Amino acid sequence: MNDLKEIDKEINDCHICEDLVEKFPNSNTVYLGKDNDIVLIGEAPANNGWRKSKMLWKDVNGKVLPSGVILQKLFDIIEKDIFETTFLESVKCYPKERKNLKECSNNCKKYMIRQLKILNPKLIIALGEFPTRNILNFKFNKFSDVVGNIYEIDGYKVLPIYHPSPISPKSYKGNEPIFVKVKELIKTWSN
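Residues numbered from 1 in each chain as written. Predicted model: local features only at pLDDT ≥ 70, side-chain atom pairs only at ≥ 80, totals over all residues. Heavy atoms only, no water.

The number of helices and strands found in the protein is six helices and eight strands. For the protein, the N- to C-terminal ordering of α and β elements is α-β-β-β-α-α-β-β-α-β-α-β-β-α. Taken over C-alpha atoms, the radius of gyration comes to 16 Å for the protein, in line with the 16 Å a tight globule of 191 residues would show. Judged by the C-alpha coordinates and their principal axes, the protein covers about 45 × 35 × 35 Å. Taken over 191 residues, the protein has a buried fraction of 50%. Taking all contacts inside the protein whose residues are at least 6 apart in sequence as the whole, residues at least 24 apart take part in 67%. Charged side chains in the protein number 30 positive and 25 negative. The centres of these two groups are separated by 3 Å. (Helix = DSSP H or I, 4+ residues; strand = E, 2+ residues; numbered from the N terminus. Rg over C-alpha atoms; globule rule 2.2 N^0.38 Å. Buried < 20%, exposed > 50% of the residue type's maximum accessible area, 1.4 Å probe, protein only. Contact = heavy atoms within 4.5 Å. Lys, Arg positive; Asp, Glu negative; His and termini not counted. Charge placed at Lys NZ, Arg CZ, Asp CG, Glu CD.)

Laid out in structure tokens, this is it:
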């Protein structure tokens, strides 16, 4: 995984979005799980999460963030643990304003793609609209049109889901039937 460390160094040295983001020590932009069968792609580092706490899905006090609680409920369906699942962000730094997410996503895409090539997952789950737009090779109008569908992109299976944020009314209820389908997909991996 030395290649991932090399990409982290490049990200740390990057200045493309310098005026759009707050830099913070990106010593590790991929959280490695037990295996890389599933890789989660988030939107950008959470202000009160990984960016400050250095712990995935947790705040500086070690408390699981609300999005992590919801995502774990969904992962319970597939009998997996979010803390054992490989994770990376679509945007590698913290955008100062949400309006910068699209530009930052475009600028970070090359890093994300290289990380995915190294990780070589069986399934990529994109958490929300920005990581989905960043990884899908086609334009779509409404995010709801692509949510829950699996797309073959560059040899990877990509599954967009609603972001697990509690401010989204679909964070659990909208994603629950998707994870029931994922459970069936996972069963085929061992066959």
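The next point concerns helix H3 (residues 66–77). A turn of α-helix holds 3.6 residues, and therefore any two residues three or four places apart point the same way. Compared with an ideal rise of 1.5 Å per residue, which puts 12 residues at 16 Å, H3 spans 18 Å between its outermost C-alpha atoms and is within 8% of the ideal. Those residues of H3 not exposed but buried are Ser67, Gly68, Ile70, Leu71, Gln72, Leu74, Phe75 and Ile77. Elements in contact with the buried residues of H3: strand E3 (35–42), strand E4 (85–89), strand E6 (123–127), strand E8 (156–161) and helix H6 (176–189). Backbone geometry just after H3 places glutamate 79 at a positive phi near 55°. (Expected span 1.5 Å × (residues − 1).)

All right, on to the packing of H3 against H6 then. Between H3 and H6, whose axes approach to 8 Å, the crossing angle comes to 40°. What the angle tells us is that H3 and H6 run oblique. When the axes of H3 and H6 are compared, the crossing they make is right-handed. When H3 is examined against H6, the residues Leu74, Phe75 and Ile77 are found in contact with a partner set consisting of Glu176, Phe179, Val180 and Lys183. Here the residues of the contact of H3 with H6 sort into five nonpolar, no polar and two charged. (Axes fitted to C-alpha atoms, helices over the stretch in contact; angles between N-to-C directions. Parallel < 35°, antiparallel > 145°, perpendicular 65-115°, else oblique. Left-handed = near helix turned anticlockwise from the far one by under 90°. Nonpolar A, V, L, I, M, F, W, Y, C, P; charged D, E, K, R; others polar.)

Counting residues in hydrophobic clusters, the biggest one holds 44 residues, and the most contacted among them are Leu71, Leu116 and Ile125. Elements supplying a minimum of two residues to this core: E3, H3, E4, helix H4 (101–119), E6, strand E7 (151–153), E8 and H6. For this core, the leading source of residues is H6, giving six residues. If we skip the residues at most four places from it in the chain, leucine 71 touches Leu40, Trp57, Ile82, Leu127, Ile161 and Pro164. By size, the runner-up hydrophobic cluster in this structure holds nine residues, among which are Cys17, Val21, Val91 and Cys93. (Core = buried A, V, L, I, M, F, W, Y, C linked by side-chain atoms within 4.5 Å.)

This next bit is on empty space enclosed by the protein. By the definition in use, this model includes two cavities of 30 Å³ or more. By volume, the largest cavity is sized at about 130 Å³. As for the largest cavity, its lining consists of 15 residues, and the residues nearest its centre are Cys14, Cys17, Val21, Cys93 and Cys108. Considering every element that reaches the lining of the largest cavity, the biggest residue donor is H4, with four residues. Of the residues belonging to the lining of the largest cavity, the class tally is 10 nonpolar, two polar and three charged. In this structure, the second largest cavity is lined by Ile113, Leu116, Ile135, Ile153, Asp154 and Tyr156. The residue makeup of the lining of the second largest cavity, split by class, is five nonpolar, no polar and one charged. (1 Å grid on protein atoms, 1.4 Å probe; cavity = no way out; pocket = protein on both sides within 12 Å on 5 of 7 lines; lining within 4 Å. Points joined across faces, edges and corners; volume = space filled by probe spheres on them.)

The subject of this paragraph is the packing of aromatic side chains. One pass over the full model with this rule turns up five aromatic pairs. Between phenylalanine 75 and phenylalanine 179 the ring centres are 5.6 Å apart and the planes differ by 50°, which places this aromatic pair in the tilted class. Here phenylalanine 179 lies in helix H6 and phenylalanine 75 lies in helix H3, a separation of 104 residues in the sequence. Relative accessible area serves as the criterion here: at 0%, phenylalanine 75 is assigned to the buried category. By relative accessible area, which is 0% here, phenylalanine 179 ends up buried. Judged by centre distance (5.9 Å) and plane angle (85°), the rings of phenylalanine 143 and tyrosine 162 are edge-to-face. Residue phenylalanine 143 is located in the loop between helix H5 (129–135) and E7, and its partner tyrosine 162 is located in the loop between E8 and H6; the two are separated by 19 residues in the primary sequence. The same class applies to phenylalanine 143 as to tyrosine 162, namely buried. (Phe/Tyr/Trp six-rings, centres within 6.5 Å; stacked < 30°, edge-to-face > 60°.)

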